Amino acid sequence: MGISQIPDALRVISTFLEGFDLFGKTILPFCTSHSSSMGSSAESLHSLCHGATWLLGKRFAADSSADEVADWLSSSGIALDYSNMASAE
């Protein structure tokens, strides 16, 4: 899928994905929203990441806490230092 077929809200992300060699990288998509699901966004973006490992993403409610996101990232096996993560609360 080319960039012209991706909804406007995803253009900045799709431009980023097309502009970098992500071969061998792991991508774990997530977003926040008051009501919308991820829909086909993940599938559309996945097609732009040739050679990358694409993990199952998640949509968080707009009022989700930083701790909730950090817990999900931790359970996904992604090892990061969350000590500097800004609180959404």
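Residues numbered from 1 in each chain as written. Predicted model: local features only at pLDDT ≥ 70, side-chain atom pairs only at ≥ 80, totals over all residues. Heavy atoms only, no water.

I would appreciate a short explanation of the overall build of the protein chain in the present structure.
Along the backbone of the protein chain there are three helices and four strands. The helix and strand sequence of the protein chain, counted from the amino end, reads α-β-β-α-β-β-α. Across the 89 residues of the protein chain, 28% fall into the buried class. Put simply, 63% of the contacts in the protein chain that link residues at least 6 apart link residues at least 24 apart. Carbon and sulfur atoms form 54% of the exposed surface of the protein chain, whose accessible area is close to 6100 Å². (Helix = DSSP H or I, 4+ residues; strand = E, 2+ residues; numbered from the N terminus. Buried < 20%, exposed > 50% of the residue type's maximum accessible area, 1.4 Å probe, protein only. Contact = heavy atoms within 4.5 Å. Areas by Shrake-Rupley, 256 points an atom, 1.4 Å probe, with all protein chains shown as cover.)

Explain the packing of aromatic side chains to me, please; I cannot follow it from the model alone.
The geometry of an aromatic ring pair is captured by the separation of the ring centres together with the interplanar angle, meaning the angle of the planes. All told, the structure shown has four aromatic pairs when counted by the stated rule. Their ring planes at 40° and their centres at 4.6 Å tell us that Phe16 and Phe20 sit as a pair that is tilted. With a relative accessible area of 46%, Phe16 lands in the partly exposed category. With centroids separated by 5.7 Å and ring planes inclined at 70°, the aromatic side chains of Phe30 and Trp72 adopt a geometry described as edge-to-face. With Phe30 in strand 2 (residues 30-33) and Trp72 in helix 3 (residues 66-75), the pair connects residues that are 42 residues apart, well separated along the chain. Taking the relative accessible area as the measure of exposure, Trp72 reaches 14% and is therefore buried. Here the aromatic residues Phe30, Phe60 and Trp72 are joined through ring pairs into a cluster of three or more. (Phe/Tyr/Trp six-rings, centres within 6.5 Å; stacked < 30°, edge-to-face > 60°.)

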